[in-house]
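Single-letter residue listing:
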Amino acid sequence: MEAKLLFDDKHQWYVFARDPTKPDKIIDTNQYMVVSGNESVILDPGGIEIFSSMLSTILKFIPIEQVTHLFASHQDPDIISSLGMWDQVIPNAKLYTPNLWEGFIRHFGCENIEFCGIEDGGGQLTIGDSVLHFIPAHYMHSSANFNVYDPVAKILFSGDIGAALEPQDSSLYIEDFDSHCDKMRFFHQRWMPSNAAKMNWLNRVRKLDIEMMLPQHGRIFRGKEIEQFFDWFEALEVGSAINS
Amino acid sequence: MVKEYSPVKSAVTASQVAGELYRASLIARQLSLAAKNSQAVVHRAGSRVAGLKVISEYFADLALKTIKLAEDINTISLDISQMAVERWRLNTLIGHLFDSQEKNANDNVEQIVHDIQTHQLELNNRFNIEIRKLESQLEEIQQYMQASRVIAVSFRLEATQTDEYQGILDDMADNIDVFSEKIKQHVIGAKNYIDRLLQS
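Residues numbered from 1 in each chain as written. Chains lettered and ligands numbered in written order. Predicted model: local features only at pLDDT ≥ 70, side-chain atom pairs only at ≥ 80, totals over all residues.

Going by the annotation in an unreviewed UniProt entry, the name recorded for chain B is Similar to methyl-accepting chemotaxis protein, with Oleispira antarctica RB-8 given as the source organism.

In structure tokens:
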């Protein structure tokens, strides 16, 4: 699994992606980790199939005792079906995830890890000396869904928003925004259900100072590509399946 | 009867070993650079450090072998971790099947349980073979590091016979010593993780 340091100051952001050992038919996912002091949070730790790769990759950078928090933006299996395994490996950790999904996410196994439900309005999480903000992104695509914003690193973890369906060996970064739109279009038209929710999300995130936007699938947005994405997304009609 | 180690502990141990060896491989790259520098110095110094030519070639070869071995260990560790996770999932499944058997008081799942147990046994045997292989590769890399430190001593000895290159050769010997020691510490760390698993 590829691992890259995305931000390195008093705290660090890492991306773990493009796992060559994952079974072919499961969607490729990007996992992220924020490390500050002796604590860390893994953002959308991924599915059960990539658990061993994730564990091995994380332990290249921090010891197991330092994995103190998990965050799941929503309930999907590619986001958090590995929970039952993390539950055994880091039993004293805390899981932050939408409160609405508690009864569903517990189906993946959560006997030891403390379940910390995030209310619809959002909230904050302190990791070491860093404060991360949970930004509501409901119905984007999941009915209870959050992004994570780091005002110091100016990074927005956007979950499924900004996702693209791409081959396993594609670059981690967008190289040409226009051609990248083709890889994002179907995903957003079909998986995102509501134009009203889309505008609500855009109104929230346009107020944030963002230098890097990190989706859970596809490529990382940097600098002006973020505003380009917002404009492209605003113009895109979503919820396309109702026309079928 | 082959011993069965906790799949949870096995997965974590294998990942910890991979982590240690990843860090060791980063240092091995620095060691390799030191080896290339030593070859360049030996080449420049010509006949004045003739005794070092063979040693520096051996050193360069050793550094490359160390990188390769560290990467191999990393791959084996990942395999072991994946095997442990598979055993873990099978154990959970067996537990659920036994529950189902108990709740329904029937033997319908007996064949399935038998098949899974056979697979588990096979996995466990493979796991034990791989973990022993890992141990022996860690031993090997430790021996490399001992050889590397002998090279550092030779550099120091040779340095005393040159004037112009004494400082450079001394610095190189120091670097070789420091890198070798760091790699050794990571290997010891990795071995300790395995020992703790094998003693569990």
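1. A short note on the overall build of chain A
Test applied: In this description a helix means any DSSP run of H or I spanning at least four residues, a strand means any run of E spanning at least two, and both kinds are numbered starting from the N terminus. Our radius of gyration is a C-alpha quantity, and the globule rule it is checked against amounts to 2.2 Å times the number of residues to the power 0.38. Once C-beta atoms are placed from the backbone, each residue is buried if 20 or more other C-beta atoms lie within 10 Å of its own, exposed if 12 or fewer, and partly exposed for counts between those two. Note on contacts: each residue gets a C-beta atom placed from the backbone, and two residues are in contact if those atoms are within 7 Å.
Broken down by element type, chain A carries seven helices and 13 strands. Relative to the globule expectation of 18 Å for 244 residues, the C-alpha radius of gyration of chain A, 17 Å, shows essentially globular dimensions. Overall, chain A is about 45 × 35 × 35 Å in size when its C-alpha atoms are taken along their principal axes. Counting all 244 residues of chain A, 48% fall into the buried class. Of all intrachain contacts in chain A linking residues separated by at least 6 positions in sequence, the fraction that spans at least 24 positions is 63%.

2. Details of the packing of helix α2 (residues 50-104) of chain B against helix α3 (residues 110-159) of chain B
Residues and elements named next belong to chain B. Counted only if it meets this: All axes here are fitted lines through C-alpha atoms, helices being fitted over the stretch that makes contact, and every angle between N-to-C directions spans 0 to 180 degrees. Geometric relationships in this document are graded by angle, where less than 35 degrees denotes roughly parallel, more than 145 denotes roughly antiparallel, 65 to 115 denotes roughly perpendicular, and other angles denote oblique. With the far helix as reference, a near helix turned anticlockwise by less than a right angle produces a left-handed crossing, and one turned clockwise produces a right-handed crossing. Each residue gets one label: Ala, Val, Leu, Ile, Met, Phe, Trp, Tyr, Cys and Pro are nonpolar, Asp, Glu, Lys and Arg are charged, and the others, such as Gly, are polar.
Packing of α2 against α3 leaves a shortest axis separation of 8 Å and a crossing angle of 160 degrees. In this view, α2 runs roughly antiparallel relative to α3, as classed from their interaxial angle. Note that α2 runs across α3; the crossing there is left-handed. Within the contact of α2 with α3, the residues separate by chemical class into 28 nonpolar, nine polar and ten charged.

3. Some thoughts on the packing of α3(B) against helix α4 (residues 166-198) of chain B
Residues and elements named next belong to chain B. At a minimum axis separation of 9 Å, α3 and α4 run at an interaxial angle of 165 degrees. Here α3 is positioned roughly antiparallel relative to α4, judged by the angle of their axes. Classified by chirality, the crossing of α4 by α3 is left-handed. Class assignment for the residues of the contact of α3 with α4 results in 17 nonpolar, four polar and eight charged.

4. Brief notes about unusual backbone geometry
Residues and elements named next belong to chain A. Note that the residue after M140, namely H141, is joined by a cis bond; omega there is 0 degrees. Relative to the helices and strands, H141 resides in the loop between β9 (130-136) and β10 (146-150). Here Y139, not a glycine, exhibits a phi torsion of approximately 65 degrees, which is positive. Along the chain, Y139 falls in the loop between β9 and β10. Notably, K154 is not glycine yet its phi reads approximately 60 degrees, a positive angle. Note on K154: 14 C-beta atoms within 10 Å, which makes it partly exposed.

5. Remarks on the sheet that holds strand β6 (residues 94-98) of chain A
Strand pairing in a sheet relies on backbone hydrogen bonds. The paired strands run either parallel or antiparallel. Residues and elements named next belong to chain A. Selection rule: A pair of strands is labelled paired if DSSP reports no fewer than 2 bridges between them.
Read from one edge to the other, the open sheet built from seven strands follows the order β1-β2-β3-β4-β5-β6-β7, with strand pairing classed as mixed. With partners counted over all chains shown, the strands left at the sheet margins are β1 (2-8) and β7 (114-118), one partner each. On average, adjacent strands in this sheet sit at an angle of 20 degrees to one another, irrespective of strand direction. One ladder, built from three bridges, connects strand β4 (residues 39-43) with strand β5 (residues 69-71); its direction is parallel. Residue pairing for β5: I42 is matched across the bridge by L70.

6. A look at the sheet that holds strand β11 (residues 155-159) of chain A
All names here are of chain A. Read from one edge to the other, the open sheet built from six strands follows the order β8-β9-β10-β11-β12-β13, with strand pairing classed as mixed. Edge positions in the sheet fall to β8 (123-127) and β13 (221-222), since each of these pairs with one other strand and no more. As paired elements, strand β12 (residues 212-215) and β13 share two bridges and run antiparallel to each other. In the sheet register, M213 faces β13, and the bridge partner there is F221.

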